[in-house]
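Fold and geometry: a report
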Amino acid sequence: MRNFARVLAAVAGGAMVLAGIATPAHAEVWGCYTDVDTRTNVAGAACTGGFGSYRVAAKCNSAHYPYTRTVVGPWVTKVSGQPGPPSIVSGDSQGCHVVEAWTQVR
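Report follows, based on the coordinates. Once a new chain begins, its residue numbering starts again from 1 and follows that chain's sequence as written. Only residues with pLDDT of at least 70 get local features here, since the model is predicted, and only at 80 or more are side-chain atom pairs given and counted; chain-wide, interface and lining totals rely on the full set of residues. Side-chain measures were taken over the full set of non-hydrogen atoms in the model, leaving aside hydrogen atoms and water.

A closer look at the overall build of the protein chain
Rule in force here: Under the DSSP-based scheme used, a helix requires at least four consecutive residues in state H or I and a strand at least two consecutive residues in state E, with every element numbered from the N terminus. Summary of the burial criterion: residues with accessible area below 20% of their type's maximum are buried, those above 50% are exposed, and those between are partly exposed, where the area comes from a 1.4 Å probe applied to protein chains only. Throughout, a residue-residue contact means that at least one pair of heavy atoms, one from each residue, lies within 4.5 Å. All accessible-area figures derive from a Shrake-Rupley calculation using a 1.4 Å probe, and residue coverage is judged against the displayed protein chains alone.
Counting secondary structure elements, the protein chain contains 1 helix and 6 strands. The N-to-C order of helical and strand elements in the protein chain reads α-β-β-β-β-β-β. In the protein chain, buried positions account for 27% of the 106 residues. In the protein chain, once contacts between residues fewer than 6 apart in sequence are set aside, the share between residues at least 24 apart is 58%. Total accessible area on the protein chain is roughly 7100 Å²; 61% of this is exposed by carbon and sulfur atoms.

Below, the structure written as structure tokens:
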């Protein structure tokens, strides 16, 4: 019975080590910038460093309820060592006016 307990403890310890090794790496992007072009009613975001997924989010004002809401662009993926692609959202297609933007990272 003692041998069985030792084997069980060794298997449990091995499983904990494997679980620590198998966890996915945490992606991180940096050097992100956003821009709002009020003439074209578009907001965009791009990141220059790291790797991972991000998108633009923008505060969009409307004359109708809800008067202010957040609209988002598509998730894009930045590959390490390459410039990140832009994520863009238009206020025209959402029926509102883009006034402020920021980057969301996952």
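Focus: the side chain of Ser53
For the record, the criterion: Within 3.5 Å is the distance limit for a polar contact, defined as a pair of N or O atoms, with the added protein rule that one can donate a hydrogen and the other accept it, and that residues adjacent in sequence qualify only through two side-chain atoms.
With respect to the helices and strands, the residue Ser53 is situated in strand β2 (residues 42-61). Of the residues examined, Ser53 reaches a relative accessible area of 16% and is grouped as buried. In this structure the side chain of Ser53 is engaged in a polar contact, spanning 3.3 Å, whose partner is the side chain of Thr77.

Examining the nonpolar core
Within soluble globular proteins, side chains that are nonpolar generally end up buried alongside one another. Just so we agree on the cut-off: By convention a nonpolar core is built from buried Ala, Val, Leu, Ile, Met, Phe, Trp, Tyr and Cys residues, the set being connected through side-chain atoms within 4.5 Å.
Ala43, Ala45, Val56, Ala58, Cys60, Val71, Val89, Cys96, Val98 and Ala101 form the largest nonpolar core, which has 10 residues in total. Counting only elements with at least two residues in this core, the list comes to β2 and β6 (97-105). Examining the composition of this core, we find that 5 residues originate from one element, β2, more than from any other. Dropping the residues within four chain positions of it, Ala101 is found in contact with Thr34, Asp35, Val36, Ala43, Val56, Ala57 and Ala58.

Observations regarding the packing of aromatic side chains
We apply this condition: Pairing of aromatic rings covers Phe, Tyr and the six-membered ring of Trp, with a centre-to-centre limit of 6.5 Å; geometry is then stacked below 30 degrees between planes, edge-to-face above 60, and tilted otherwise. Lysine NZ or arginine CZ positioned within 6 Å of the ring centre and within 35 degrees of the ring normal marks a charge as sitting over the ring.
Taken as a whole and assessed by the stated rule, the structure comprises 1 aromatic pair. Sitting above the plane of the Trp75 ring, Arg106 keeps its charged end 4.3 Å from the centroid.

Some thoughts on the pattern of salt bridges
The cut-off we apply is this: Salt bridges are defined as contacts in which a side-chain nitrogen from Lys or Arg sits within 4 Å of a carboxyl oxygen from Asp or Glu.
This structure, assessed with the given rule, holds 1 salt bridge. The partner of Asp37 in a salt bridge is Arg39, with the nearest N and O atoms 3.3 Å apart. On the basis of relative accessible area, Asp37 is assigned to the partly exposed category, the value being 21%.

Re the state of the cysteines
How we decide: Cysteine sulfurs are considered disulfide-paired once they come within 2.5 Å of each other.
In this structure the tally under the stated criterion is 2 disulfides. The disulfide partner of Cys32 is Cys47, and the S-S distance across this bridge is 2.0 Å. Because the torsion about its S-S bond is 100 degrees, the bridge between Cys32 and Cys47 counts as right-handed. Note that Cys32 is positioned in strand β1 (residues 28-37) and Cys47 in strand β2, a separation of 15 residues in sequence. Each sulfur in the disulfide pair Cys60 and Cys96 lies 1.9 Å from the other.

Section: unusual backbone geometry
In this structure, the amide linkage connecting Tyr65 to the following residue, Pro66, adopts the cis form with an omega of -10 degrees. Inspection of the secondary structure puts Pro66 in the loop between β2 and β3 (68-72).

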